[in-house]
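Notes for the structure review
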Amino acid sequence: NAGVTQTPKFQVLKTGQSMTLQCAQDMNHNSMYWYRQDPGMGLRLIYYSASEGTTDKGEVPNGYNVSRLNKREFSLRLESAAPSQTSVYFCASSEVRVQVNTEAFFGQGTRLTVV
Amino acid sequence: LAKTTQPISMDSYEGQEVNITCSHNNIATNDYITWYQQFPSQGPRFIIQGYKTKVTNEVASLFIPADRKSSTLSLPRVSLSDTAVYYCLVGRVTNDYKLSFGAGTTVTVRA
């Protein structure tokens, strides 16, 4: 049972390069999320997708785009990487039912360095 | 989402009980209280969730007073492996559920 899988695990980019972080979940969850975590900081929500076909901005969406490709996959794209985007990126998913709180499952993270 | 306030850090020793209190003065009627744990270099994982009174599982207990304006996560007899960041989240689940984390509490367990 894989849960939430992120690729790649590590990446070094040069300023201005683009890349896409991939995330897939095998739990048939409706909701998926992308977070970033800077050293010594908590998680900040970048984008989330409440269901297939919908996406919405979180706290820090600037410089990122997302695609909810299907129910399983939610990708995060950096069009022109900047050193300020050096961070650890986490993808998560959860099964959301109104009035019933459920737990979120996280991937192992992608450690991105922009030089 | 209700704003939460929790201590930045706490130190403890092996075998002790650790209690982390989270304040959420503007909690709404339909809000749940959820705690996550994050080990270094890993994603957060769900620990426990509650609405009122007390909830206990194999990992922790969650105490919620009647006014629900605060909650306390209790970790019994901690070990070195309990060293982690603990996050308190308060919110209600809707069709458009945004899972937002604060800074968390860094718990360091020493031998």
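Scroll up a little and you will see the structure.
For the structure given in this document, a descriptive report is provided here. (Residues numbered from 1 in each chain as written. Chains lettered and ligands numbered in written order. Predicted model: local features only at pLDDT ≥ 70, side-chain atom pairs only at ≥ 80, totals over all residues. Heavy atoms only, no water.)

**Overview of the overall build of chain A**
- For chain A, the count of helices and strands is zero helices and eleven strands.
- Sequence-ordered secondary structure for chain A, helices as α and strands as β, is β-β-β-β-β-β-β-β-β-β-β.
- Since a compact globule built from 115 residues should have a radius of gyration of about 13 Å, the 14 Å found for chain A is in line with a globular shape.
- Within chain A, the proportion of its 115 residues that are buried is 49%.
- When contacts within chain A are restricted to residue pairs at least 6 apart in sequence, those whose partners lie at least 24 apart make up 55%.
- Total accessible area on chain A stands at roughly 5300 Å², and carbon and sulfur atoms take up 50% of it. (Helix = DSSP H or I, 4+ residues; strand = E, 2+ residues; numbered from the N terminus. Rg over C-alpha atoms; globule rule 2.2 N^0.38 Å. Buried < 20%, exposed > 50% of the residue type's maximum accessible area, 1.4 Å probe, protein only. Contact = heavy atoms within 4.5 Å. Areas by Shrake-Rupley, 256 points an atom, 1.4 Å probe, with all protein chains shown as cover.)

**Description of the sheet that holds strand β5 (residues 53–56) of chain B**
Residues and elements named next belong to chain B.
- Across the sheet, four strands lie side by side as β2-β7-β6-β5; this open sheet has antiparallel pairing. In this open sheet, the two strands that pair with only one neighbour each are β2 (18–23) and β5. When strand polarity is set aside, the average angle formed by the axes of neighbouring strands in this sheet is 15°.
- Relative to strand β6 (residues 61–64), β5 runs antiparallel, the two sharing four bridges. Within the sheet, the bridge partner assigned to Thr56 lies in β6 and is Ser61. (Pairing = 2+ DSSP bridges. Axes fitted to C-alpha atoms, helices over the stretch in contact; angles between N-to-C directions.)

**Points about the pattern of salt bridges**
- Under the defined criterion, the tally for this structure stands at four salt bridges over all chains.
- Of the charged contacts, one joins Arg44(A) and Asp38(A) as a salt bridge, the two residues approaching to 2.6 Å between their closest N and O atoms.
- Overall, the relative accessible area of 28% leaves Arg44(A) in the partly exposed class.
- Asp38(A) gets classed as buried once you look at its relative accessible area, which sits at 14%.
- One salt bridge in this structure joins Asp11(B) and Arg110(B), with 3.2 Å as the shortest N-O distance. Placement of the pair is Asp11(B) in strand β1 (residues 9–13) and Arg110(B) in strand β9 (residues 105–110), with a sequence separation of 99 residues.
- The exposure class assigned to Asp11(B) is exposed, which follows from its relative accessible area of 53%.
- Connected through shared salt-bridge partners, Arg36(A), Asp38(A) and Arg44(A) make up one network. (Salt bridge = Lys/Arg side-chain N within 4 Å of Asp/Glu carboxyl O.)

**Looking at the layout of surface pockets**
- When its volume is computed, the largest pocket comes out at roughly 540 Å³.
- Lining the largest pocket are 29 residues, and of these Gln37(A), Asp38(A), Gly40(A), Met41(A) and Tyr87(B) sit closest to its centre.
- At the level of secondary structure, the elements contributing two or more residues to the lining of the largest pocket comprise β5 (43–49) and β9 (87–94) of chain A together with β8 (84–91) and β9 of chain B.
- For the lining of the largest pocket, the residue count by class is 14 nonpolar, eleven polar and four charged. (1 Å grid on protein atoms, 1.4 Å probe; cavity = no way out; pocket = protein on both sides within 12 Å on 5 of 7 lines; lining within 4 Å. Points joined across faces, edges and corners; volume = space filled by probe spheres on them. Nonpolar A, V, L, I, M, F, W, Y, C, P; charged D, E, K, R; others polar.)

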